[in-house]
Amino acid sequence: MIKVLPRNIIRFIALVMAQVLVFNNIEISGFINPYIYVLFILLLPFETPTWMLLMLGALLGLSIDIFSETIGMHMVATIAMAFLRPFVLSVFSPRDGYETGTFPRVSYYGLQWFFKYAAVLIIAHHLVLFYTEIFRLHDFFATFFRVVLSAMFSISMIVLSQYFIFRK
Amino acid sequence: MKSLLRFLIRYHSTILFLVLEIIAFILIARFNSFHNAKIYSAKNRVLGNITSMYRDFSQYLRLIDENKALRKENIRLYNLLPANYYNPVSHYDTVILGEKKYEFIGAVVINNSTNKQYNYITINKGRKHGIEPEMGVICNDGIVGVVKETTENFSTIVSLLNRDFFPNAMIKRNGFFGYIEWLGRRYNKVVLKEIPLHAEILIGDTITTSGYSGIFPEGILIGVVEKFEAEQGIFYKVYVNLSTNFKRLSNVVVVNNRMREEQLKVEQSTEHD
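Residues numbered from 1 in each chain as written. Chains lettered and ligands numbered in written order. Predicted model: local features only at pLDDT ≥ 70, side-chain atom pairs only at ≥ 80, totals over all residues. Heavy atoms only, no water.

Below, the discussion takes up the overall build of chain A. A count of helices and strands for chain A gives 6 helices and 0 strands. Counted from the first residue to the last, chain A has its helices and strands arranged as α-α-α-α-α-α. Counting all 168 residues of chain A, 54% fall into the buried class. Within chain A, counting contacts between residues at least 6 apart in sequence, those at least 24 apart form 68% of the total. With the model as given, the accessible surface of chain A reaches about 8100 Å², and the carbon-plus-sulfur share is 74%. (Helix = DSSP H or I, 4+ residues; strand = E, 2+ residues; numbered from the N terminus. Buried < 20%, exposed > 50% of the residue type's maximum accessible area, 1.4 Å probe, protein only. Contact = heavy atoms within 4.5 Å. Areas by Shrake-Rupley, 256 points an atom, 1.4 Å probe, with all protein chains shown as cover.)

Turning our eyes to something else, we now look at the packing of aromatic side chains. Overall, the coordinates contain 21 aromatic pairs over all chains when judged by the stated rule. For the ring pair Tyr35 of chain A and Phe130 of chain A, a centre distance of 6.3 Å and an interplane angle of 65° mean the geometry is edge-to-face. Of this pair, Tyr35 of chain A sits in the loop between helix 1 (4-22) and helix 2 (39-43) while Phe130 of chain A sits in helix 5 (residues 106-134), and the two are 95 residues apart along the sequence. Using a relative accessible area of 1% as the deciding quantity, one classes Phe130 of chain A as buried. The structure contains a cluster of three or more aromatic residues connected by ring pairs, namely Phe46, Tyr98, Tyr109, Trp113, Phe114 and Tyr117 of chain A. It is Lys227 of chain B that lies over the ring of Tyr239 of chain B; its NZ or CZ is 4.7 Å from the centre. Residue placement shows Lys247 of chain B over the ring face of Tyr187 of chain B; its charged tip is 4.9 Å from the ring centre. (Phe/Tyr/Trp six-rings, centres within 6.5 Å; stacked < 30°, edge-to-face > 60°. Lys NZ or Arg CZ within 6 Å of the ring centre and 35° of its normal.)

Another point: the packing of helix 1 of chain A against helix 3 (residues 50-68) of chain A. All names here are of chain A. Interhelical geometry of helix 1 versus helix 3 gives an angle of 35° and a closest axis separation of 10 Å. Between helix 1 and helix 3 the crossing geometry is right-handed. Two secondary-structure elements touch here, helix 1 through Phe12, Val16, Gln19 and Val20 and helix 3 through Leu59, Leu60, Ser63, Ile64 and Phe67. (Axes fitted to C-alpha atoms, helices over the stretch in contact; angles between N-to-C directions. Left-handed = near helix turned anticlockwise from the far one by under 90°.)

Here we come to unusual backbone geometry. Residues and elements named next belong to chain B. With a phi close to 75°, Glu134 is a non-glycine residue in the positive phi region. Structurally, Glu134 can be placed in the loop between strand 2 (118-123) and strand 3 (136-139). Given the relative accessible area of 44%, Glu134 is considered partly exposed. Residue Glu194 is not a glycine yet carries a positive backbone phi of 65°. With respect to the element layout, Glu194 can be found in strand 8 (residues 189-196).

Next up on the list: the pattern of salt bridges. All names here are of chain B. Scanning the entire structure with this criterion turns up 7 salt bridges over all chains. Between Glu152 and Arg127 there is a salt bridge, and its shortest N-O distance comes to 3.4 Å. On the criterion of sequence distance, the pair formed by Glu152 in the loop between strand 4 (142-150) and strand 5 (155-162) and Arg127 in the loop between strand 2 and strand 3 is long-range, its members being 25 residues apart. A salt bridge links Glu200 to Arg173; its shortest N-O distance comes to 3.5 Å. Residue Glu200 is located in the loop between strand 8 and strand 9 (206-209), and its partner Arg173 is located in the loop between strand 6 (168-171) and strand 7 (177-181); the two are separated by 27 residues in the primary sequence. Where salt bridges share partners, they join Arg173, Glu200 and Asp205 into one cluster. (Salt bridge = Lys/Arg side-chain N within 4 Å of Asp/Glu carboxyl O.)

Here it is in structure tokens:
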């Protein structure tokens, strides 16, 4: 437990910096943006209580918002994602539950499990984020297109990061 | 009381979720509809150094192109000097120049986005340098936007790539005018609306500002016609390729119309009659 805390603090700072300084400047064909900072929520330990998930989600979203001048928008999306995480975890749980001492990662539960888990939460996050940003329904399908493409991009970045950066 | 407590304990995460989401939406409503200058200056103090270092570096990479553009602009301005015109009256002193209407203030972009639905630009000049809200902003290639908020040293600009900004525009060749709208997708495409069906449009026509609102001088380039189609049988919807590249905006010029107040005053008193 003592090792988990500093590791998560460092991960939080590193992901926010990476998102703000690098990934916010990546745009493919004008409107596809990868949002990789949500990886922080994905990698939190299984035992994290829901209230703490929600508070951390709010804090994470707000930090991104402050640096990208969209106060509140990322916050709404990350809180929603944090709220959904326990449900998604229980839906995809293996037959005999999650073992203590393991973390939600490719190295413990395999690529297929991690992909399903990450994809559902990232798509939920992007849906909330993009529809909150535009705040109207009359471009419904254009926005949906943006959600799908950006989510595909974020998911691939996050899954790849499991093999290269966050291996342990 | 006991059952209320039990209810609160049982659903504490859902309640916390709702409370946090409400807070987030309040924040959105509070900060995003109008850009609070205070947040900006606070953020600039914190992030200012990093952003300007990043800016300096990326500007360095573009130095060659930027120099080329400046040289071209210099030559163009040189050609406009009154001293370079043939003067039928023998002495230069006797040329009568009208009262100067537009003043130009140069500035450098320090923050910019093109990927949101409501994009804003920050520049490094503010109230101290004579910049006020509602002044137009242009660059060598065409129009950029309009000043929204100013602090002592900085200003924010509503980019042309903002879904709440509809500048007047006209077809240069025949003077038919309408307004520009950004559809929120490509950073290099806008739509010109309310051009009547009897107007003759050709692909490749130049679209410029009309100068009616007094924000921009007349004839500032916006872009060229890519294609057009009739919309609802009344007006043309004209797709325009922007001449300004918003992805690599760096030097901009703020336009101060010294007669705008007078124009607004006379227009207002006409409407009130």
